[in-house]
Amino acid sequence: MNDMSTGGYVTADGRQIGGTLMELKNITLRFGGVVAIKDISFDIRQGEIRAIIGPNGAGKSSMLNIISGFYVPQEGEVWFKGERRGPMKPFQVARLGIARTFQNIALFDGMSVLDNIMTGRLNKMKAGFLSQALWWGAAEREEIANREAVEKVIDFLEIQNIRKTPVGRLPYGLKKRVELARALAAEPQLLLLDEPMAGMNVEEKEDMSRFILDVNDEFGTTICLIEHDMGVVMDLSDRVVVMDYGKKIGDGTPSEVRANQEVIDAYLGVAHD
Amino acid sequence: MIYREAGDFKTGYRADGQTFPIRLDRWGYYAALAVAFGIIPFVINNYWANAVLVPFLIYAIAALGLNILTGYAGQVSLGTGGFMAVGAYAVYKLMTSFPEVSILIHILLAGGITAAVGVLFGLPSLRIKGFYLAVATLAAQFFLVWLFNKVPWFYNYSASGQINAPTRTVMDIAVTGPTASAPAKYLVCLVFAFALAWLARNLTRGSLGRKWMAIRDMDIAAEIIGVDPLRAKLSAFAVSSFFIGIAGALLFAVYLGAAEVGEAFGINKSFLVLFMIIIGGLGSIFGSFAGAAFLVVLPVLLKNVFVGGMGWPTDLAAHIELMIVGLLIMVFLIVEPHGLARLWSLAKEKLRLWPFPH
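Remember, it's a predicted structure, so these values are computed and weren't measured experimentally.

## Quick notes on the overall build of chain A
Here's step 1: A count of helices and strands for chain A gives 10 helices and 12 strands.
Here's step 2: Relative to the 2.2 N^0.38 estimate, which gives 19 Å for 273 residues, the radius of gyration of chain A is 20 Å and therefore close to what a compact globule would have.
Here's step 3: Expressed along its principal axes, the backbone C-alpha trace of chain A runs to roughly 70 × 40 × 40 Å.
Here's step 4: Residues counted as buried form 42% of the 273 residues belonging to chain A.
Here's step 5: Across chain A, every contact between residues at least 6 apart in sequence was considered, and the portion connecting residues at least 24 apart equals 65%.

Dropping the structure here:
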């Protein structure tokens, strides 16, 4: 960990992390009288795996919702790729190159796995209405080109055998994987994962961890994830933000965070005697 | 044993994405087209055209339209009758104002006008969903019927308040008006039904169709992958209303010949088309045709059996017929809530594996 000022650093396993990709400055989010997030600042750097952890109700998901455009904070600034982002609708954020998965799976149950992943490429499909209606020219060409890209994601996540299965029939672990595939198909610069391993068994968690590392490694995708499994978080992430009751109580490498007394108190509780 | 995918290898994504991936299906489709275009026009008589085939084709178009909106894009609508009325009155005004222009162009324009009206009444869908949207479209239904009753300009100030289709020709063959022959009426409807079904298939297989289905299945997730809900919903309303407008125009100009708005395009029509897509299968092109066939053919069949076969009085037969159709709708919804299209695909899946159970 060196030379944070110029933007880059080298991780423990020797990966070069670049400059700031996303920066959140003094974010405050209120729902009526409830302060969900209070004056939080942190950054996400190019190529890193950034984790947000904290007890239930700490405001982690709200933070992710701010990044993906569902919530607009009352105070504070969101910067992405060196530009300040005004209030945006989620679909506009998606077009900037930010993709996400949800804590509760949000797949399109009426569609096949293939179609679900194809929806991840919607922003790349530009054929006009007439071309689509007649299925002639651009529409067919881009369908085939995007299908090729989607097949690469399918290969990458090893879900070839369920390609044509309706999503509603899949078991939970596979659904999570399909949701990741849909996000990956968009070729995002920043990938937000909201509890990617919630409700999985050890084996599924190992698979998912491997996929997350591979995505980061092979595509250079910057990842910001929320996770409750501390073992996973400490192993996967380069830097960790710790939140509690809407405040930031820790920020740093996993080992720094682990040694932070405030973090230990928040997680283990303080002795009441 | 013939109905198999085995040996029918797909070597490209184009082949994999075709509409009928199984060879026998493809042949069946071509055979159906050959019969519909090549044989039926030569053997059709007035009874078959007026009682079965023409209404079947027209309602199939309407069902396709509603299926795009409700089955694919997930926006419930009870305004189908009203939108069909827009198509009918649009084509009537165009026919009488510009008699020299081809009726086919008028029908397409009527669809376009209906699309614009549909977008207007689709605006509430941006804020409200489900039952509440259904009520909002119900308002469209009542408003449109009221409008066409109330403003004499729409029915050219005729004393009866009815609209009557004048005779119009395509290539010197009358397709509307009292002199139109059965094959001519049938062929016009068939061409529209075929072309629109093909358009519907193309639109639903590409990016627009995926946007609609994404909005239907989970609108939050759709937004997060970059679907603009405004454009997706309004485009569904536009395309759907275009189809329904054409169905309304054909129903009035080709099939009925004369229409009074409350009677021909009342709330009953909205429900009829909605039943068609529910029975046929939501989100299925085949289902639109199957549902239309079911609800058009079944009453005719029952009537023939009761009146023709058993010699019952017509009024008794009509009532029994209503009861049986209603009962069958309920049975269907309980046994197979996903409609005839699902039954059909289950049957095909079984057939693919036959004689093995798995």
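That shown, we press on.
## Some points on the overall build of chain B
Here's step 1: The helix and strand inventory of chain B stands at 15 helices and 4 strands.
Here's step 2: Scaling as 2.2 N^0.38, a compact globule of 358 residues should have a C-alpha radius of gyration of about 21 Å, and chain B matches this with 21 Å.
Here's step 3: Structurally, chain B occupies a C-alpha span of about 65 × 55 × 45 Å along its principal axes.
Here's step 4: Considering chain B as a whole, with its 358 residues, one finds that 45% of them fall into the buried category.
Here's step 5: In chain B, of all internal contacts separated by at least 6 residues, the share reaching a separation of at least 24 is 75%.

## Digging into the sheet that holds strand β5 (residues 49-53) of chain A
Residue and element names in this part refer to chain A.
Here's step 1: The strand order across the open sheet formed by 6 strands is β8-β9-β10-β5-β11-β12, and the pairing between neighbours is mixed. Two strands in the sheet have a free side with no partner beyond their single neighbour: β8 (98-101) and β12 (247-252). The average angle at which neighbouring strand axes cross in this sheet is 15°, direction not considered.
Here's step 2: Of the pairings in the sheet, the one linking β8 to strand β9 (residues 190-194) comprises 4 bridges and is parallel in character. Bridge pairing in β9 links A99 to L191.
Here's step 3: Across the face of the sheet, helix α10 (residues 261-268) comes into contact with β11 (239-244) and β12 while running at roughly 125° to β12.

## So, the interface of chain A and chain B
Here's step 1: Across the boundary between the two partners, chain A contributes 31 residues, which contact 25 residues of chain B.
Here's step 2: Contributing elements (two or more residues each) for the side of chain A that touches chain B: α2 (90-96), α3 (113-119), α4 (129-134) and α5 (138-156) of chain A.
Here's step 3: Considering every element that reaches the side of chain A that touches chain B, the biggest residue donor is α5 of chain A, with 5 residues.
Here's step 4: Here the residues of the side of chain A that touches chain B sort into 17 nonpolar, 6 polar and 8 charged.

## Examining the domain arrangement of chain A
Residues and elements named next belong to chain A.
Here's step 1: Under the domain assignment, chain A is made up of domain 1 (4-97 + 188-268) and domain 2 (114-186).
Here's step 2: Relative placement of domain 1 and domain 2: their C-alpha centres are 27 Å apart.
Here's step 3: Within the residue set of the side of domain 1 that touches domain 2, elements represented by two or more residues are α2 and α7 (202-219).
Here's step 4: Take the side of domain 1 that touches domain 2: its biggest share by element is 4 residues, from α7.
Here's step 5: Broken down by class, the residue content of the side of domain 1 that touches domain 2 amounts to 8 nonpolar, 1 polar and 2 charged.

## Thoughts on the packing of helix α12 (residues 267-280) of chain B against helix α15 (residues 339-353) of chain B
Residue and element names in this part refer to chain B.
Here's step 1: At a minimum axis separation of 3 Å, α12 and α15 run at an interaxial angle of 20°. One element, α12, and the other, α15, form an angle in the roughly parallel class. Of the residues in α15, those in contact with I278, I279 and G280 of α12 are G339, L340 and A341.
Here's step 2: Residues of the contact of α12 with α15, tallied by class, amount to 4 nonpolar, 2 polar and no charged.

## Side note on the packing of helix α13 (residues 285-309) of chain B against helix α14 (residues 314-335) of chain B
Residue and element names in this part refer to chain B.
Here's step 1: Taken N-terminus to C-terminus, the directions of α13 and α14 make an angle of 135°; their axes are 9 Å apart at the nearest point. With respect to α14, the element α13 is oriented oblique. The two elements α13 and α14 cross, and the hand of that crossing is right-handed. Along the contact surface, α13 presents L298, P299, L302, K303, F306 and V307, while α14 presents T314, A317, I320, E321, I324 and V325.
Here's step 2: In terms of residue class, the contact of α13 with α14 is built from 9 nonpolar, 1 polar and 2 charged.

## Considering the nonpolar core
Within soluble globular proteins, side chains that are nonpolar generally end up buried alongside one another.
Here's step 1: Core analysis: the biggest nonpolar cluster contains 178 residues, and I58, I61, A88, V91, I246, L250 and F252 of chain B have the highest contact counts within it.
Here's step 2: At 17 residues, helix α10 (residues 229-256) of chain B tops the list of elements feeding residues into this core.
Here's step 3: Taken domain by domain, the makeup of this core includes at least three residues from each of domain 1 (4-97 + 188-268) and domain 2 (114-186) of chain A.
Here's step 4: Setting aside its immediate chain neighbours within four residues, A88 of chain B contacts G248, A249, L251, F252, A259 and F265 of chain B.

## Focus on unusual backbone geometry
Most peptide bonds take the trans form, and the phi angle of most residues other than glycine is negative.
Here's step 1: Although it is not a glycine, K81 of chain A sits at a positive phi angle of roughly 50°.
Here's step 2: What makes K81 of chain A partly exposed here is the crowd of 15 C-beta atoms within 10 Å.

## Brief notes about the UniProt feature "transmembrane region" (unreviewed entry) in chain B
Here's step 1: On the UniProt side, "transmembrane region" (unreviewed entry) is annotated at positions that read residues 27-44, 50-69, 101-123, 130-148, 234-258, 270-302 and 314-335 of chain B here.
Here's step 2: Along residues 270-302 of chain B one finds 88% helix and 0% strand; the C-alpha atoms at either end are 23 Å apart.

## With respect to the environment of Q92 of chain A
Residues and elements named next belong to chain A.
Here's step 1: Note on placement: Q92 falls in helix α2.
Here's step 2: We classify Q92 as partly exposed; it has 16 C-beta atoms within 10 Å.
Here's step 3: Expressed as a C-alpha distance, the spacing of Q92 and F80, which sit 12 residues apart in the sequence, is 13 Å.

## Thoughts on the confidence of the model for chain B
Any residue range with low pLDDT should be treated as having predicted coordinates unsuitable for detailed reading.
Here's step 1: Confidence in the prediction for chain B averages 87 pLDDT; 97% of positions are at 70 or higher.
Here's step 2: For this predicted complex, the interface score ipTM comes out at 0.86, alongside a pTM of 0.89.

## What about the pairing of β9 of chain A?
Residues and elements named next belong to chain A.
Here's step 1: Taken across its 5 residues, β9 has 5 buried, putting it largely inside the fold.
Here's step 2: Sheet topology note: the β9/strand β10 (residues 222-226) ladder contains 5 bridges and is parallel. Residue pairing in the sheet places L192 in a bridge with C224 of β10.
Here's step 3: On the question of chirality, the crossover connecting β9 to the parallel β10 by way of α7 is right-handed.

## Concerning the sheet that holds strand β3 (residues 20-31) of chain A
Within a sheet, neighbouring strands are paired by backbone hydrogen bonds and run either parallel or antiparallel to one another.
All names here are of chain A.
Here's step 1: The 4 strands are arranged β4-β3-β6-β7 in an open sheet whose pairing can be described as antiparallel. At either end of the open sheet lies a strand with only one pairing partner, and these are β4 (34-45) and β7 (83-85). Strand-to-strand twist of the sheet, defined as the mean angle between neighbouring strand axes without regard to direction, takes the value 25°.
Here's step 2: Pairing geometry for strand β6 (residues 75-80) and β7, over 3 bridges, is antiparallel. Note that in β7 the partner of W79 across the bridge is R84.

## Describing the environment of F37 of chain B
Here's step 1: Looking at the secondary structure, you find F37 of chain B in helix α2 (residues 23-43).
Here's step 2: Remark: the alpha-carbon pair of F37 of chain B and L187 of chain B, spanning 150 residues in sequence, is separated by 7.7 Å.

The rules behind each value
- Residues numbered from 1 in each chain as written.
- Chains lettered and ligands numbered in written order.
- Predicted model: local features only at pLDDT ≥ 70, side-chain atom pairs only at ≥ 80, totals over all residues.
- Helix = DSSP H or I, 4+ residues; strand = E, 2+ residues; numbered from the N terminus.
- Rg over C-alpha atoms; globule rule 2.2 N^0.38 Å.
- Buried ≥ 20, exposed ≤ 12 C-beta atoms within 10 Å, placed from the backbone.
- Contact = placed C-beta atoms within 7 Å.
- Pairing = 2+ DSSP bridges.
- Axes fitted to C-alpha atoms, helices over the stretch in contact; angles between N-to-C directions.
- Nonpolar A, V, L, I, M, F, W, Y, C, P; charged D, E, K, R; others polar.
- Domains from an automatic or database assignment.
- Parallel < 35°, antiparallel > 145°, perpendicular 65-115°, else oblique.
- Left-handed = near helix turned anticlockwise from the far one by under 90°.
- Core = buried A, V, L, I, M, F, W, Y, C linked by C-beta atoms within 7 Å.
- UniProt positions renumbered as here; feature names shortened; annotations may be inferred.
- pLDDT = per-residue confidence, 0-100.
- Right-handed = clockwise from strand over helix to strand, strands pointing away.

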